[in-house]
Amino acid sequence: MAYYDQQHREKITYFNSMWSKLDGIEKLARIYKINDIAQDNNLKLLQTLVLFDFQNQPGREGSDAIDRYGNAWELKTVNIDLTSSFSTNHHTNLERIAVFRQERWLFSTYRGISLQEVYAVSPAALEQYFTKWEEAIREKMAENNKNVHLNNPKIPLKYVHQVGIKVYPVDSPIDPAKVLQVL
């Protein structure tokens, strides 16, 4: 199956027709002060997998998805009605940062459950954050003399807009794996 071939387009069409039916559920959830019906991002994850033809990587550790070329991806979402930065990992430690440096990143912005835009970002473009996080961890380790972690260090949406390549919405489909071929 080739990227954006007939079978892939049919999946996208089917997914989009089913996704649009969730709007009523979201409105009902807001009456109950529930701001995001996609708890743990499972619906948003599914949308990303379908739109970009990625394979899921189940579990809470490691990469979130694999593209058709075998590249690992870290997938991040933000509801811009609630915040303006992307959370990373509840237990960001030196080992996790090493993995982050090997992954391509896909940042998706939502308003509730409505996808607004998606940006592909190379790990090299995020190096200033990785370095800053490593320094903070090493400082904490020196103080406590034990292995520590950071709780969800953030990446600002504004920064993603500056360094990322917009892959959705666009006039013509863009395979995010191809725009980040050179890392």
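Here's what I pulled together on the structure shown here.

Focus: the pattern of salt bridges
So, step 1. Tallied over the full model, the rule gives ten salt bridges.
So, step 2. Residues Asp-36 and Lys-44 are paired through a salt bridge, measuring 2.9 Å at the closest nitrogen-oxygen approach.
So, step 3. Notably, a salt bridge pairs Asp-81 with Arg-111, separated by 2.5 Å at the nearest N-O pair. Placement of Asp-81 in the loop between strand S3 (72-79) and strand S4 (85-87) and of Arg-111 in strand S5 (residues 104-111) is noted, with a sequence separation of 30 residues between them.
So, step 4. Its relative accessible area of 39% is what places Asp-81 among the partly exposed residues.
So, step 5. Arg-111 sits in the partly exposed class, given a relative accessible area of 40%.

Details of the pairing of strand S6 (residues 114-121)
So, step 1. Of all eight residues making up S6, six are buried, and the element is well covered by its neighbours.
So, step 2. One ladder, built from seven bridges, connects S5 with S6; its direction is antiparallel. The residue bridging Trp-105 from the neighbouring strand is Val-121, located in S6.
So, step 3. Hairpin connection between S5 and S6: a loop of two residues separates the two successive antiparallel strands, and Gly-112 in this loop has a positive phi of roughly 65°.
So, step 4. Relative to strand S8 (residues 165-168), S6 runs antiparallel, the two sharing three bridges. Paired with Val-118 across the two strands is Tyr-168, which belongs to S8.

Examining the environment of Gln-55
So, step 1. The residue Gln-55 is located in strand S1 (residues 55-56) in this model.
So, step 2. For Gln-55, the contacting residues outside a window of four places in its chain are Leu-49, Asp-64, Ala-65 and Ile-66.

Quick word on a nonpolar patch on the surface
So, step 1. Taken together, the side chains of Leu-28, Ile-31, Tyr-32 and Ile-34 make up a nonpolar region of the molecular surface, amounting to roughly 460 Å² of accessible area.
So, step 2. Mapped onto the secondary structure, Ile-31 falls in helix H2 (residues 23-31).

Some words on the environment of Glu-117
So, step 1. Following the sequence through the fold, Glu-117 ends up in strand S6.
So, step 2. The class for Glu-117 is buried, based on a relative accessible area of 14%.
So, step 3. Counting along the chain gives 56 residues from Glu-117 to Pro-173, while the straight-line C-alpha distance between them is 13 Å.
So, step 4. Within the structure, Glu-117 has its side chain in polar contact with the side chain of His-161 (distance 2.5 Å).

Rules used throughout
- Residues numbered from 1 in each chain as written.
- Predicted model: local features only at pLDDT ≥ 70, side-chain atom pairs only at ≥ 80, totals over all residues.
- Heavy atoms only, no water.
- Salt bridge = Lys/Arg side-chain N within 4 Å of Asp/Glu carboxyl O.
- Helix = DSSP H or I, 4+ residues; strand = E, 2+ residues; numbered from the N terminus.
- Buried < 20%, exposed > 50% of the residue type's maximum accessible area, 1.4 Å probe, protein only.
- Pairing = 2+ DSSP bridges.
- Contact = heavy atoms within 4.5 Å.
- Patch = residues over 30% accessible without salt bridge, like charges linked within 9 Å, V, L, I, M, F, W, Y side chains within 5 Å.
- Areas by Shrake-Rupley, 256 points an atom, 1.4 Å probe, with all protein chains shown as cover.
- Polar contact = N/O pair within 3.5 Å; in protein donor to acceptor, adjacent residues only side chain to side chain.

By themselves, these are just geometric observations and shouldn't be taken as functional.
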